[in-house]
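So you can see what is in the structure, the chains are spelled out below.
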Amino acid sequence: MKTLTFDSFQDAEAALRQNDLKQALYDEGGILMDKVLVTLHGDEHRTRRTVESQLFRRNFFRHYENEVFPKLLAETLNQFLHVTETDLKELGYRIMVHLSLAFAGIDRIDGSVEEADSQHRLLIQLGQAATIGQYQGDRTAILKEIADALHEFETRFFQPARSRREALISAFQKGELAETELPRDILTILLMNTDKLDMPNELMVREVAFFYLAASHTSVHTLVHAFNELFYWFQGNEGSALDLAGDPAMLQRFVLESMRLHPSSPVALRKAEQPVAVGGAEASIGDRVVIDLQTANRDTGVFGDDAGAFNPFRDRPPRISPAGLSFGGGMHVCLGMNLVAGTILKPGQAIDPDNHQFGTIALILAELLGRGAQPDPQRPAEKVAASERDVWASYPIVFAPDT
Ligand code: HEM
């Protein structure tokens, strides 16, 4: 068995579109990841994805961005932002825990700080399942921690959320409730489609937990990088980051460019189910295929000689997302892409003011900048040392009193 790596934009994109390459990034995280959407293949994947995509019907993104998101964001900031200095990564997690659980279909029960702390802790504990493959030491203790976290997630949060939704769905089926009054989240969709899906309770718990993870860590990673790039940009260019608070369209451009440079998954990993040819190389059955998204996104042949630098005003190559391959491609392309990245315009296309989504990251940034958020000049931000993953360990920020 050999390992092939694709790191040019063209080859990486082509490899992502090969249906005979099967997801392999989470092979060792089966305790949570086994048979969740991103690890399914073929018909099973298609069926589940088709069902879950129903969530996005009927102007979901507009509804989410205009109604759900502002309320959830305000709730989190009112609860946690009583200070003039904080850490952007921590604040990002506070925000994303709340947003991601709402999207996955888990309700707050008493809305307390203790509850939010537990949900944050569970996110970190469960998240270890997605990265356990890279852990070199004895995994016994980690596996036990994940199993305990799954049990707590199920009993404390999932079961009450499931029972509430089952009662609402039953009322809807009896004609006592309009469909528009049902919650719009993944758990509700799964429960509405039990006839099409073969999902025992324990798999539904893990699927909902997976959505919680998939939406949170990636968004926090992106938020902190985008904030950093934004302030760094205005150190060398005219204007001020804080002035962008009222310009979500410009913020969206900054976010997409930052996403291109800092994909939250630097690589996708696949295993060949059949012989597959990509860009002159051939993978035989069983070979590992590494799709290097981070390097592909800095391909000078596609993004220009300064592809490795941050420039939100760079020319857009036709038919290529300004976020590069950061959301993957092909069958597993990110289901939350429009939610976080917003409507992606074609080169030269103007914004339709009545029907444009800016994406949650741009909107969170707009809110924070509007409150005067900026990097703390006294406490420099730090990256995780010895990590190839380009991850911020901490990012202290202050809220300027005069803004
Ligand atoms: C900046 C934020 C995000 C980034 C960079 C990101 C990136 C990705 C990537 C690269 C994949 C493909 C993985 C692969 O091919 O192996 C993916 C899949 C997925 N993402 Fe995201 N994601 C983000 C946010 C979200 C959010 C907010 C949600 C949920 C609302 C979400 C839900 C999913 C799901 C369900 C899949 C699996 C799709 C499938 O297998 O069919 N993601 N994401």
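Conventions used here
Residues numbered from 1 in each chain as written. Predicted model: local features only at pLDDT ≥ 70, side-chain atom pairs only at ≥ 80, totals over all residues. Helix = DSSP H or I, 4+ residues; strand = E, 2+ residues; numbered from the N terminus. Rg over C-alpha atoms; globule rule 2.2 N^0.38 Å. Buried ≥ 20, exposed ≤ 12 C-beta atoms within 10 Å, placed from the backbone. Contact = placed C-beta atoms within 7 Å. Pairing = 2+ DSSP bridges. Axes fitted to C-alpha atoms, helices over the stretch in contact; angles between N-to-C directions. Left-handed = near helix turned anticlockwise from the far one by under 90°. Nonpolar A, V, L, I, M, F, W, Y, C, P; charged D, E, K, R; others polar. Near = placed C-beta within 6 Å.

(A) Focus on the overall build of the protein chain. When its secondary structure is counted, the protein chain shows 14 helices and eleven strands. Over its C-alpha atoms the protein chain spans a radius of gyration of 21 Å, differing by no more than 12% from the 22 Å that the globule rule assigns to 403 residues. Taking all 403 residues of the protein chain together, 38% fall into the buried category. Here the contacts in the protein chain between residues at least 6 apart in sequence split such that 71% fall between residues at least 24 apart.

(B) Here's a closer look at the sheet that holds strand β1 (residues 3-6). Taken together, the four strands give an open sheet; going across it, the order is β1-β7-β4-β2, and neighbouring strands pair in mixed fashion. Each edge of the open sheet is held by one strand with a lone partner, namely β1 and β2 (21-23). Across the sheet, the mean angle separating the axes of adjacent strands is 35 degrees when strand polarity is ignored. As paired strands, β2 and strand β4 (residues 267-272) are joined by three bridges and run antiparallel to one another.

(C) Quick peek at the sheet that holds strand β3 (residues 85-87). Pairing within the open sheet is antiparallel, and its three strands lie in the order β3-β11-β8. Strands with a single pairing partner mark the edges of an open sheet, and in this sheet they are β3 and β8 (373-375). Averaged over all pairs of adjacent strands, the angle between strand axes in this sheet comes to 35 degrees, irrespective of strand direction. Direction of pairing for β3 relative to strand β11 (residues 396-399): antiparallel, over a ladder of three bridges.

(D) Representation of the packing of helix α5 (residues 88-104) against helix α9 (residues 201-236) in the model. Remark: α5 packs on α9, axes separated minimally by 8 Å, with the N-to-C direction vectors making an angle of 145 degrees. Note that α5 runs across α9; the crossing there is right-handed. Contacts between α5 and α9 involve Leu88, Lys89, Gly92, Tyr93, Met96, Val97, Ser100, Leu101, Phe103 and Ala104 from the former and Val208, Phe211, Tyr212, Ala215, Ser216, Ser219, Val220, Leu223, Val224 and Phe227 from the latter. Split by residue class, the contact of α5 with α9 holds 15 nonpolar, four polar and one charged.

(E) Focus on the site of the ligand. As a matter of local geometry, the ligand sits amid 25 residues, with Ala215, Thr218, Gly328, Cys334 and Gly336 nearest to it. Residue assignment for the shell around the ligand shows that the elements contributing at least two residues are α9 and α13 (337-341). The leading source of residues in the shell around the ligand is α9, at six residues. In terms of residue class, the shell around the ligand is built from 14 nonpolar, ten polar and one charged.

(F) Geometry of unusual backbone geometry. In this structure, Lys35 takes a positive phi of about 65 degrees despite not being glycine. With respect to the secondary-structure elements, Lys35 resides in the loop between α2 (30-33) and α3 (42-53). By the C-beta count within 10 Å, which is 15 here, Lys35 ends up partly exposed.

(G) Broad picture of the pairing of β1. Because side chains alternate across β1, one face comprises the buried residues Leu4 and Phe6, and the other comprises Thr3 and Thr5, none of which is buried. Relative to strand β7 (residues 288-292), β1 runs parallel, the two sharing four bridges. By the bridge assignment, Phe6 is partnered in β7 with Ile291.

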